[in-house]
Amino acid sequence: MMDRVWNAYRVEIDKALRRKLTYAGPLLVAIAVCLMPLVREIARDGVGDYGFVAYATPVVLNLLGLFFLLTYCAGLISTELGSGTICLVAVRPLRRQEFVLAKLALALTYATVLAVLTALLSWGMAAAFGDLTGVSFGGEIVYTNLDMLTAYLLGLALSLPPLFAAAAFAVMISSLTRSSGAAVACTIGVWLLMDTVKHPLRIAPYLFSTYIETPWQVFAGRCNGLDYAWSPGVWYLLGASLGALCVFSAVSMAALSARNLRVW
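Residues numbered from 1 in each chain as written. Predicted model: local features only at pLDDT ≥ 70, side-chain atom pairs only at ≥ 80, totals over all residues. Heavy atoms only, no water.

1. Some points on the packing of aromatic side chains
- For the structure shown, the criterion picks out 13 aromatic pairs.
- For the pair Tyr152 and Phe219, a centre-to-centre distance of 5.2 Å together with 75° between the ring planes defines the contact as edge-to-face. Highlighted residues: Tyr152 in helix α6 (residues 145-175) and Phe219 in helix α8 (residues 217-223), separated in sequence by 67 residues. For the pair shown, Tyr152 and Phe219 are each scored as buried.
- Plain terms: the ring middles of Phe208 and Phe248 are 6.0 Å apart, the flat faces sit at 75° to each other, and that makes the pair edge-to-face. (Phe/Tyr/Trp six-rings, centres within 6.5 Å; stacked < 30°, edge-to-face > 60°. Helix = DSSP H or I, 4+ residues; strand = E, 2+ residues; numbered from the N terminus. Buried < 20%, exposed > 50% of the residue type's maximum accessible area, 1.4 Å probe, protein only.)

Structure below.
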């Protein structure tokens, strides 16, 4: 099974690399990070510019990056359902569940690329135009550059589970419709609706989207000389995100398994 999923994943990567849309997300993310100094100033003044990194990363990744991730992943299966190319699954030695797993692997890879690119560019901008000499107050170093880098890398790793869950959510919607346009509209619409009603309905603690900002709280706090704790927020983040990832993946596989692939 794993060999078939791996081969299907390689095929999906090859297809993705030949799609112009694949490059639009990283390009927009790169442009957004490069424009961030217009909003949050950085300068070589002997003061650490970690505040720029703490601002640029979540703003770009959790707004523009997340929007494009949802848009991209919403078309992964629906596009093939609409065009009929999904019917090739029935004549290849590849089960529908394995096909979905390959699509999910591609979605998670895309989320990782957007996150890593945002991180590299944010730190690159701070290093090129500012200072990364640690956080100091009153002439005393509170956090060294290594301390800040460690907190950031852990935050980056913890930012992936919510992004993975978001990607899986978009793939689930994609498996439920034949139109990529409808899949994108439904994905964005449902996301915005749930974000609007989760607090009035008191379901926010159970939704992974609530914890998208959580990974960056410790790093942002250290920028101001504060020492925030990772727990218990991290455990809520992991539980909600991984739980959602499993549910969305299961629904995607069940939906495609039950679908009539006939093209009308």
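Past the structure itself, the notes keep going.
2. Focus on a nonpolar patch on the surface
- Residues Leu27, Leu28, Ile31, Leu35, Leu38 and Val39 make up a contiguous nonpolar surface patch of about 590 Å² in total accessible area.
- Relative to the helices and strands, Leu27 is located in helix α2 (residues 20-35). (Patch = residues over 30% accessible without salt bridge, like charges linked within 9 Å, V, L, I, M, F, W, Y side chains within 5 Å. Areas by Shrake-Rupley, 256 points an atom, 1.4 Å probe, with all protein chains shown as cover. Salt bridge = Lys/Arg side-chain N within 4 Å of Asp/Glu carboxyl O.)

3. Digging into the pattern of salt bridges
- What the rule picks out here adds up to 7 salt bridges.
- One salt bridge connects Asp131 with Arg44, and the closest N-O pair in it is separated by 4.0 Å. Linking Asp131 in the loop between α5 (96-129) and β1 (135-137) with Arg44 in the loop between α2 and α3 (50-74), this pair joins segments that are 87 residues apart in sequence.
- For Arg44, a relative accessible area of 56% puts it in the exposed group.
- Here Asp195 and Lys198 are joined by a salt bridge, their closest N and O atoms 2.9 Å apart.
- Via salt bridges that share partners, Arg4, Arg95 and Glu98 belong to a single interconnected network.

4. Notes on unusual backbone geometry
- Looking along the chain, the bond that leaves Ser231 and enters Pro232 is cis, with omega of 5°.
- Relative to the helices and strands, Pro232 resides in the loop between α8 and α9 (233-258).
- One non-glycine residue, Arg202, adopts positive backbone phi at about 60°.
- Locating Arg202 in the fold gives a position in the loop between α7 (180-197) and α8.

5. Focus on the packing of α6 against α7
- Taken N-terminus to C-terminus, the directions of α6 and α7 make an angle of 130°; their axes are 9 Å apart at the nearest point. Our classification of the angle between α6 and α7 gives oblique. Handedness of the crossing formed by α6 with α7: right-handed. Residue-level contacts link Ala166, Phe169, Ala170, Ile173 and Ser174 of α6 to Ala183, Cys186, Thr187, Val190 and Trp191 of α7.
- Residue composition of the contact of α6 with α7, by class: 8 nonpolar, 2 polar and no charged. (Axes fitted to C-alpha atoms, helices over the stretch in contact; angles between N-to-C directions. Parallel < 35°, antiparallel > 145°, perpendicular 65-115°, else oblique. Left-handed = near helix turned anticlockwise from the far one by under 90°. Contact = heavy atoms within 4.5 Å. Nonpolar A, V, L, I, M, F, W, Y, C, P; charged D, E, K, R; others polar.)

6. Here we look at α2
- With 16 residues, α2 should cover 22 Å at 1.5 Å per step; its first-to-last C-alpha distance of 23 Å lies within 8% of that length.
- Those residues of α2 hidden inside the fold are in contact with α1 (2-17), α3 and α5. (Expected span 1.5 Å × (residues − 1).)

7. Topic: the side chain of Lys198
- Looking at the secondary structure, you find Lys198 in the loop between α7 and α8.
- Dropping the residues within four chain positions of it, Lys198 is found in contact with Ile203, Ala204, Leu207, Ser209 and Thr210.

8. What about the environment of Gly139?
- Examined against the element boundaries, Gly139 turns out to sit in the loop between β1 and β2 (140-143).
- When the C-alpha positions of Gly139 and Ser122 are compared, they lie 26 Å apart, and in sequence the two are 17 residues distant.

9. Details of the confidence of the model for the protein chain
- Per-residue pLDDT for the protein chain has a mean of 90; in total, 94% of the residues score no lower than 70.
- Between the elements of the protein chain, mean pLDDT differs from a low of 76, seen in helix α4 (residues 78-83), to a high of 96, seen in α6. (pLDDT = per-residue confidence, 0-100.)

10. Regarding the nonpolar core
- Counting 74 residues, the largest nonpolar core has Cys73 and Phe219 as its most contacted members.
- Secondary structure elements with two or more residues in this core: α1, α2, α3, α5, α6, α7, α8 and α9.
- Considering each element in turn, this core owes the most residues, 16 residues, to α6.
- In this structure Phe219 touches Tyr50, Val53, Ala54, Trp123, Met148, Ala151 and Tyr152, once residues within four positions along its chain are discounted. (Core = buried A, V, L, I, M, F, W, Y, C linked by side-chain atoms within 4.5 Å.)

11. Here's the deal with the packing of α5 against α9
- In the contact formed by α5 and α9, the axes pass within 9 Å of each other and the chain directions differ by 135°. In terms of orientation, α5 lies oblique with respect to α9. For the pair α5 and α9, the sense of crossing is right-handed. Here α5 contributes Arg96, Gln97, Phe99, Val100, Leu101 and Leu104 to the contact with α9, which in turn contributes Ser249, Ser252, Met253, Leu256 and Ser257.

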